[in-house]
Protein chains: 2
Amino acid sequence: MKKLINDPHNVVAESIAGFLRAESGRVARVGDTLAVRRVDAPVQGKVALLSGGGSGHEPLHAGFVGRGMLDAAVPGPVFTSPTPDPIVAAAQSVDSGRGVLFIVKNYTGDVLNFETAAELAELEGVTVESVLVDDDVAVRDSLYTAGRRGVAGTLLVEKIAGAAAERGDDLEAVASVARTVVSRVRSMGVALSACTVPHAGVPSFDLADDEIEIGIGIHGEPGRARIPAEDADHIAARLLAPILEDLEVAKGERVLVLVNGMGGTPLSELHLLFGSVAALLDERGIIIDRSLVGNYVTALEMQGASVTILHLDPELTELWDAPVDTPALVRRGPHGE
Amino acid sequence: MKKLINDPHNVVAESIAGFLRAESGRVARVGDTLAVRRVDAPVQGKVALLSGGGSGHEPLHAGFVGRGMLDAAVPGPVFTSPTPDPIVAAAQSVDSGRGVLFIVKNYTGDVLNFETAAELAELEGVTVESVLVDDDVAVRDSLYTAGRRGVAGTLLVEKIAGAAAERGDDLEAVASVARTVVSRVRSMGVALSACTVPHAGVPSFDLADDEIEIGIGIHGEPGRARIPAEDADHIAARLLAPILEDLEVAKGERVLVLVNGMGGTPLSELHLLFGSVAALLDERGIIIDRSLVGNYVTALEMQGASVTILHLDPELTELWDAPVDTPALVRRGPHGE
């Protein structure tokens, strides 16, 4: 294992410290926790958005803290849920009195800890709503999940619900927008290589030189099938088909396409894969109305990518286009302007 | 070799096509070349900025085409300079009559082809100035270079000169700003793994499981030393010392720090390395006034990073802070706001 780290057991703390230093003035630490909040939180009159989960998926979640998106992010150890205490501390630090929406990826540990945190926060006078993200169509139940897993679609939930909060929606309305996104977003991923959890020191699984894993999870957990390596066009078809089977987007309807890198894949390959996905959507007559390509919801240094399709409607499009200013995502108005 | 590609000989064309599709409305193709221009080029009354070079360093250069930065980018084959023809076509397509600044990384092939292109463009009535970027302190001459190599500092030249052009400076003044940045910026990199040129199919060099290459170039060309793997703090010291030996930044002076990933290194490690660099600068009393962390000037899927230090002055800081809106870099005002 070669990584740009010091003590393998202290990677998250040191990485967050570097992040806070590099983005000082935009984000700040919550007390003495590893949680990160908007430097201007709590924002008066605004519902707060809080997300979090195991580390190793950067820039998710701390990179999305800022105007128009999250108010706080609570990182756990690598691929391990944060405990309830820092979640509660973060919720208290960002609540303006209008309540806090928890955006939780559907993994058993996260679900339990965020539930407990919600109960504890309510005892402290913070009103909490929670939304579960489960966009991964690859598997139903898995090693860490009852039901589908939450993966790259989480970014879209955070962006769009964040815009709803920013325009002044109340907690129930922001939660409703978030649930609408969850109901209309699906993802599936592929791994070309494994990743290595720093304190484990060995790859989390083995892939032969000529194998890829279709339906990979963002912790390297198994997907649908391990198959011989294929070209980008075939991989795009394998990822897109199950998504569109589940999502039912009709010809002439509009989608947002997110091609997301798993961390170790260069941007040039992600753009190439985007082209493959776009050609398949063209064939079906589905309109790509918005797009995003980059390493946003990662699995350490894994090579691979995921495809996410969000079935747009006019309100979701408007909220996607709203300004956002975070370390890892800045939108500058609609596609095409 | 596992990559998200189709034909290894057609990677650049397919990647650019996907990029143009994903960023349609912001960028457009120059004729039937692989070159990319601002969709609104030529911008009347503005000096145009053009850069380019071998592909494999994405998002450099095409990702930096947009308001406040480049007007055009001309990609060559992977790690190979573009020929003069598309450079001339791109220059003609973005010239508003106020001239075009070529920003060229100091590699023999690029220098020759951009020189020829400048001569040809002048024959077509386009006034051209050229600036060579040679920020890499690792080696003096190398496999592909007479003098120092141009690496991640190129991004800072493009951003700052781009802001000067945007405010209306004439060609000579924009070139002068670019040369000021070149004179005040230094970089050095490290590789933890090699990279594989698609049409070659095998890694460009071998690194043992416990080895790293200090002073690596962005094409995998050799650096200063191959040494046993070290932790991030020690690597930061090895990269920073030669930079500060060359740059002469005094205690109390202000710098911009860019920690740049080589493509296969996750953002969390780059933030951790940024923390290591920041601690060393703190010890010397050098003030980190601006910072940028991410995968910006890459070498395909290489794991590793580079550190770039720009010795700021008030004008450079103001130009750095000016708005920029490109696919890969959006600045939102100064650090700390």
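Described below are features of the structure shown in this document. Remember, predicted model here, so these are calculated numbers, not experimental data.

Reading guide: rules and limits
- Residues numbered from 1 in each chain as written.
- Chains lettered and ligands numbered in written order.
- Predicted model: local features only at pLDDT ≥ 70, side-chain atom pairs only at ≥ 80, totals over all residues.
- Heavy atoms only, no water.
- Contact = heavy atoms within 4.5 Å.
- Buried area = accessible area lost by both parts, 1.4 Å probe.
- Salt bridge = Lys/Arg side-chain N within 4 Å of Asp/Glu carboxyl O.
- Polar contact = N/O pair within 3.5 Å; in protein donor to acceptor, adjacent residues only side chain to side chain.
- Helix = DSSP H or I, 4+ residues; strand = E, 2+ residues; numbered from the N terminus.
- Nonpolar A, V, L, I, M, F, W, Y, C, P; charged D, E, K, R; others polar.
- Pairing = 2+ DSSP bridges.
- Least-squares fit on C-alpha atoms with pLDDT ≥ 70 in both.
- Expected span 1.5 Å × (residues − 1).
- Buried < 20%, exposed > 50% of the residue type's maximum accessible area, 1.4 Å probe, protein only.

1. Some points on the interface of chain B and chain A
Contact with chain B, which involves 63 residues of that partner, is made by 62 residues of chain A. Around 5,000 Å² of area is buried between chain B and chain A when both sides are counted, 54% of it from carbon and sulfur atoms. Linking chain B to chain A there are two salt bridges. Salt-bridge contacts for Asp-282 of chain B lead to Arg-21 of chain A; the nearest nitrogen and oxygen are separated by 2.8 Å. Run the count over chain B and chain A and you get 20 residue pairs in polar contact (both at pLDDT 80 or more). Going through the elements one at a time, α1 (11-22), β8 (211-214), α6 (232-247), α7 (267-284), β11 (287-294) and β12 (304-311) of chain B are the ones with two or more residues in the side of chain B that touches chain A. In terms of residue count, the dominant contributor to the side of chain B that touches chain A is α7 of chain B (eleven residues). Taken together, the residues of the side of chain B that touches chain A sort by class into 27 nonpolar, 19 polar and 17 charged.

2. A closer look at the pairing of strand β6 (residues 128-133) of chain A
By the bridge criterion, six bridges tie strand β5 (residues 100-105) of chain A to β6 of chain A in an arrangement that is parallel. Note that in β6 of chain A the partner of Lys-105 of chain A across the bridge is Val-133 of chain A.

3. Considerations on the relation of the copies chain B and chain A
With an axial shift of 0.0 Å and an RMSD of 0.0 Å, the rotation relating chain B to chain A amounts to 180 degrees. A rotation of that kind, with that shift, is consistent with a two-fold axis. Considering only C-alpha atoms, the part of chain B nearest the rotation axis is Gly-264 of chain B, at 2.0 Å. Looking at chain B, 98% of its interface residues are interface residues in chain A too, so the copies touch through the same face.

4. Regarding helix α4 (residues 153-166) of chain B
Residue and element names in this part refer to chain B. The first and last C-alpha atoms of α4 sit 20 Å apart over 14 residues, in line with the 20 Å expected at 1.5 Å per residue. Among the 14 residues of α4, 13 are classified as buried, and the element is accordingly described as predominantly covered. Two residues or fewer after α4 comes Gly-168, characterised by a positive phi angle close to 105 degrees.

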